[in-house]
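Coordinates in review
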Amino acid sequence: MPKPTLTTESGAPVADNQNSATAGAGGPLLIQDQHLLEKLARFNRERIPERVVHARGSGAYGHFEVTDDVTGLTRAAFLGTVGKRTEVFVRFSTVADNLGGADAVRDPRGFAVKFYTEEGNYDLVGNNTPVFFIKDPLKFPDFIHSQKRDPFTGKPEADNIWDFWAHAPEATHQITWLMGDRGIPASYRHMNGYGSHTYQWTNEAGESFFVKYHFRTNQGIRCLSSEQAAETAGRDANSHQADLLNAIERGVHPSWTLHVQVMPAADADGYRFNPFDLTKVWPHADYPLQRVGRLVLDRNPDNVFAEVEQAAFSPNNFVPGIGPSPDKMLQGRLFAYADAHRYRLGVNHTRLPVNAPRATEAATYGRDGLMAAGGQGRHAKNYEPNSYGGPVESGRALTAPLAVSGHTGTHASPAHPKDDDFFQAGELYRLMSHEERQRLVANIAGGLSQVTRDDVVERNLAHFHAADPDYGTRVEEAVRELREG
């Protein structure tokens, strides 16, 4: 069978793809060589801006199957019938490092799920930890700047990292997670995923509930020590990517069981701490896990750039029956994620195959912009309402309304009886075995001992003392030994 003819991007046949056009056999190149110029110009533009966070990622397709009846909690159609399957795309990632970083590092992991539902795409953007470092999005750019490369040295600096945490006592809980045994997953397959934020579910009767998502790995939790991680990253920077790719290629399909914690909306105001605080978890004794379904990944992308790098997740992609809560961090991300994709990929990024709806079709009045394609015909209008049969509103809100009161302005979160920054970090520390505590303290001291300012060290030590006296004392002693050694 003859091979197809190579063409330029305009479809003209290419006569010679091995030699550039020159002025004579040994002469300089000619600007009229359209194929050369087009090829070099496209090459210069093959890379797009990397994500500011979650730059390094891996992804796979699969399905989500409902195993338990949750119709009393939400009217979301993809959760409406036991046994129902919905196609998904999942992207895993490290958070702080650049696109060229290693997989096996101490860093939270992104765990983002795109459900291609018949009511539109639903994006659940989470991490492998149930909490986060901060609870107000106004602090997010400063937090990320402190963790990224220093403008002068060009590398992450312990002074910056721990100085920010010294001024953010609410980070103590997440620091305890990150520096503990689960801080470096052995692979993406061997870690849990969490929605982390609080979301709202609304059922057919209009009743609303606040929920937290928990994807529990069916492969079991496996993690690396700091020493194992250093060896793994040195041997293969792409360890997690290779593990996920190879497992799916050989038919070992990773899976997670989805559970939710459910809080009746009426409980929120009187709960003992702010239930919308991203730095805290809901104790399972108060709100036990309820099983929902099973997530399975069984197909690798054919093109990592097109399907992983260009995958765009936004937590404001909701479907009927699911919506936001007053969680401040979630509220900030409702804008920030979609805006980041408009910058990186363009305003038409939702029409890329990995991001476009699959079980339904988008019907909007969005037109034009960079990379606009697929015009809608001479009679289609780009305004609403119109008299030409264009799409119209449904008239039914996705979720129940949230009550608000008070005056506009900048406010601290509403106070609850146990709204302090340290008690859950202390509870997590006290759950650990003696050996787990030793590794946690060693990991913290290894970084904190590199800080050059004594006042920054003291501020951080005060946070660990406040979480648990033994916790603070052991970190303080370990830091002193390393600094004096």
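Note that the coordinates shown come from a computational prediction; the quantities given were computed from them, not determined experimentally.

We now examine the nonpolar core. In terms of nonpolar packing, the biggest core is built from 43 residues, with Phe133, Trp162, Trp165, Leu448 and Val475 touching the most fellow members. Every element with two or more residues in this core is listed here: helix H2 (140-147), helix H3 (158-166), helix H4 (172-178), helix H9 (423-431), helix H10 (434-448), helix H11 (454-467) and helix H12 (469-484). Sort the elements by how many residues they give to this core and H3 lands first, with six residues. In terms of nonpolar packing, the next biggest core, distinct from the first, is built from 38 residues, Phe64, Tyr188, Leu295 and Leu297 among them.

So, on to the pattern of salt bridges. Tallied over the full model, the rule gives 26 salt bridges. Put simply, Arg396 and Glu204 hold a salt bridge, and the shortest N to O gap is 3.1 Å. Placement of Arg396 in the loop between helix H8 (328-345) and H9 and of Glu204 in the loop between strand E6 (199-202) and strand E7 (208-217) is noted, with a sequence separation of 192 residues between them. We classify Arg396 as partly exposed; its relative accessible area is 45%. Among the residues examined, Glu204 registers a relative accessible area of 56% and is labelled exposed. The closest approach of N and O atoms between Arg344 and Glu309, which form a salt bridge, is 2.9 Å. Within this pair, whereas Arg344 is found in helix H8, its partner Glu309 is found in helix H7 (residues 304-309), the two being separated by 35 residues in sequence.

Let us look at unusual backbone geometry. Here the residue pair Glu384 and Pro385 is connected by a cis peptide bond, since its omega of 5° sits within 30 degrees of zero. Turning to its location among the elements, Pro385 is positioned in the loop between H8 and H9. For Asp368, which is not glycine, the phi torsion reads 60° and is therefore positive. As for its position among the elements, Asp368 is in the loop between H8 and H9.

A few words now on the packing of aromatic side chains. Taken as a whole and judged by the stated rule, the model has 30 aromatic pairs. Ring geometry for Phe92 versus Tyr188: centroids 5.1 Å apart, planes at 10°, classification stacked. Highlighted residues: Phe92 in strand E2 (residues 85-94) and Tyr188 in the loop between H4 and strand E5 (193-194), separated in sequence by 96 residues. For Tyr188, a relative accessible area of 1% puts it in the buried group.

Further remarks concern empty space enclosed by the protein. Tallied over the full model, the rule gives three cavities of 30 Å³ or more. Taken as a whole, the largest cavity encloses approximately 80 Å³ of empty space. Residue lining of the largest cavity: Asn128, Thr129, Trp177, Arg182, Pro185, His190, Met191, Asn192, Tyr194, Ile221 and Cys223, and that is the complete set. Grouping the amino acids of the lining of the largest cavity by side-chain chemistry returns six nonpolar, four polar and one charged. Space inside the second largest cavity adds up to approximately 40 Å³. Every residue along the wall of the second largest cavity is listed here: Glu170, His173, Thr279, Lys280, Asp420, Asp421, Phe422, Phe423, Gln424 and Ala425. For the lining of the second largest cavity, the leading source of residues is H9, giving three residues. Of the residues in the lining of the second largest cavity, the class split is three nonpolar, three polar and four charged.

The rules behind the values
- Throughout this document, residue positions are counted from 1 along each chain, in the order its sequence is written.
- Under the rules for a predicted model, residues below a pLDDT of 70 receive no local features and side-chain atom pairs below 80 are neither given nor counted, while totals for whole chains, interfaces and linings still include all residues.
- By convention in this description, side-chain values take in all heavy atoms of the structure and omit both hydrogens and water.
- For our purposes a nonpolar core is just a set of buried Ala, Val, Leu, Ile, Met, Phe, Trp, Tyr and Cys residues, chained together by side-chain atoms within 4.5 Å.
- Type-normalised accessible area, obtained with a 1.4 Å probe on protein chains alone, sets the label of each residue: buried when under 20%, exposed when over 50%, and partly exposed for intermediate values.
- Only DSSP runs of H or I reaching four residues or more are called helices, and only runs of E reaching two or more are called strands; each is numbered from the N terminus.
- We define a salt bridge as a side-chain nitrogen of Lys or Arg found within 4 Å of a carboxyl oxygen belonging to Asp or Glu.
- Two aromatic rings, drawn from Phe, Tyr or Trp (for Trp, its six-membered ring), form a pair once their centres lie within 6.5 Å of each other, and the interplanar angle then sorts them: stacked below 30 degrees, edge-to-face above 60, tilted otherwise.
- Using a grid of 1 Å spacing that covers the protein atoms alone, one calls a set of points a cavity when a 1.4 Å probe fits there but cannot get out, and a pocket when the set is open and has protein on both sides within 12 Å along at least five of seven lines; lining residues are those with an atom within 4 Å of a point.
- Grid points are joined across faces, edges and corners, and a volume is the space filled by probe spheres set on the points.
- Each residue receives one of three labels: charged for Asp, Glu, Lys and Arg, nonpolar for Ala, Val, Leu, Ile, Met, Phe, Trp, Tyr, Cys and Pro, and polar for the others, Gly being one of them.

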